[in-house]
Amino acid sequence: PNPNPNPNPNPNPNPNPYQAFAVFDCVSFEADAATGRRRLYMSTDYSVACDDDDASYVPLKRLGIGLVVAVTSLPALYFILLYFSRRAIRHHTPTVLSRACYFLWHEYEPGSWWFEPVNQLRKLSLTGFVMMLPERMPKARPLAGMVITLSFFSCTMYLDPYKSVANSRLFALQQILLLVLFQAS
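Because the structure is a prediction, the values reported are computed rather than measured.

J.: Would you mind going over the packing of aromatic side chains in detail, with residue names and values included?
T.: The description of an aromatic ring pair uses the distance of the two centres, along with the angle that the planes make with each other. On inspection of all chains with the given rule, the structure shows 15 aromatic pairs. When the centroid spacing of 6.3 Å and the interplanar angle of 25 degrees are considered together, the rings of Phe-79 and Tyr-83 count as stacked. Of this pair, Phe-79 and Tyr-83 both sit in helix H1 (residues 57–91), 4 residues apart, which is roughly one turn of that helix. The partly exposed category is assigned to Phe-79, whose relative accessible area is 35%. For Tyr-83, a relative accessible area of 36% corresponds to the partly exposed category.

J.: Can you explain the packing of H1 against helix H4 (residues 115–129)? Please cite residues and give values.
T.: Direction vectors running N to C along H1 and H4 enclose 170 degrees, while the axes themselves pass 9 Å from each other. If you check the angle between H1 and H4, you find them roughly antiparallel. Between H1 and H4, the contacting residues are Val-68, Val-71, Thr-72, Pro-75, Tyr-78, Phe-79 and Leu-82 on the first element and Pro-117, Gln-120, Leu-121, Leu-124 and Phe-129 on the second. A class-by-class count of the residues in the contact of H1 with H4 yields 10 nonpolar, 2 polar and no charged.

J.: I'd love a proper account of the sheet that holds strand E1 (residues 26–32), names of residues and values included.
T.: Sheet strands line up and pair through hydrogen bonds in the backbone, either parallel or antiparallel. Pairing in this open sheet of 3 strands is antiparallel, and the strands run E1-E2-E3 from one edge to the other. Looking at which strands have only one partner, the edges of the open sheet turn out to be E1 and strand E3 (45–49). The average angle at which neighbouring strand axes cross in this sheet is 50 degrees, direction not considered. In the sheet, E1 pairs with strand E2 (residues 37–42) via 6 bridges, with the strands oriented antiparallel. Residue Phe-29 lies in a different strand from E2, and its bridge partner there is Arg-39.

J.: Quick one: what's the story with the packing of H4 against helix H5 (residues 140–159), residue by residue and with numbers?
T.: For any two helices packed against each other, one specifies the crossing angle of their axes together with the interaxial distance. Look at H4 against H5: their axes get within 9 Å of each other, and the N-to-C directions meet at 160 degrees. It follows from the interaxial angle that H4 and H5 lie roughly antiparallel. At the point where H4 passes H5, the crossing takes the left-handed sense. Contacts from Phe-115, Val-118, Asn-119, Arg-122, Ser-125 and Leu-126 of H4 reach H5 at Gly-145, Ile-148, Thr-149, Phe-152 and Thr-156. Across the contact of H4 with H5, the residue classes break down as 5 nonpolar, 5 polar and 1 charged.

Thresholds, definitions, all that
- Residues numbered from 1 in each chain as written.
- Predicted model: local features only at pLDDT ≥ 70, side-chain atom pairs only at ≥ 80, totals over all residues.
- Heavy atoms only, no water.
- Phe/Tyr/Trp six-rings, centres within 6.5 Å; stacked < 30°, edge-to-face > 60°.
- Helix = DSSP H or I, 4+ residues; strand = E, 2+ residues; numbered from the N terminus.
- Buried < 20%, exposed > 50% of the residue type's maximum accessible area, 1.4 Å probe, protein only.
- Axes fitted to C-alpha atoms, helices over the stretch in contact; angles between N-to-C directions.
- Parallel < 35°, antiparallel > 145°, perpendicular 65-115°, else oblique.
- Contact = heavy atoms within 4.5 Å.
- Nonpolar A, V, L, I, M, F, W, Y, C, P; charged D, E, K, R; others polar.
- Pairing = 2+ DSSP bridges.
- Left-handed = near helix turned anticlockwise from the far one by under 90°.

Here you go:
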């Protein structure tokens, strides 16, 4: 019997930056058959135990948490900017702030000033959070993508936030294509 429960015979001394995104995806291996004790290792590098005692895991975990916080804070920041500009947007009375964040709201109806940050959260969910689902569950990612896409598509078609009919139709087509792609995977 191998005394080292690490299933990876060639540990990588230079961790891949991609590992920061996979830090939450751990795989369980039996460490001791007699006691049934199991150990968790990162799915992308079995030399890194998913344990705060592992010197390689702690900086990756911090980086992963930092990246999640940094990336999700941008839509929140945009929402705050738009929230403080909402009166100027609704009443068509431009202010310095409403002009500065014009790119966030000009495609939408004045009452839908909040739509761009929500749309960014949808995109972030599809490209980031869905990818955090474990690879060992092959249908989880496409299913989560379909649920997010269908939910957002339904709400958007009901609310109709776009000023332009062409933009509404292009958005609808985009969502239908996403659903087809998720169904095909």
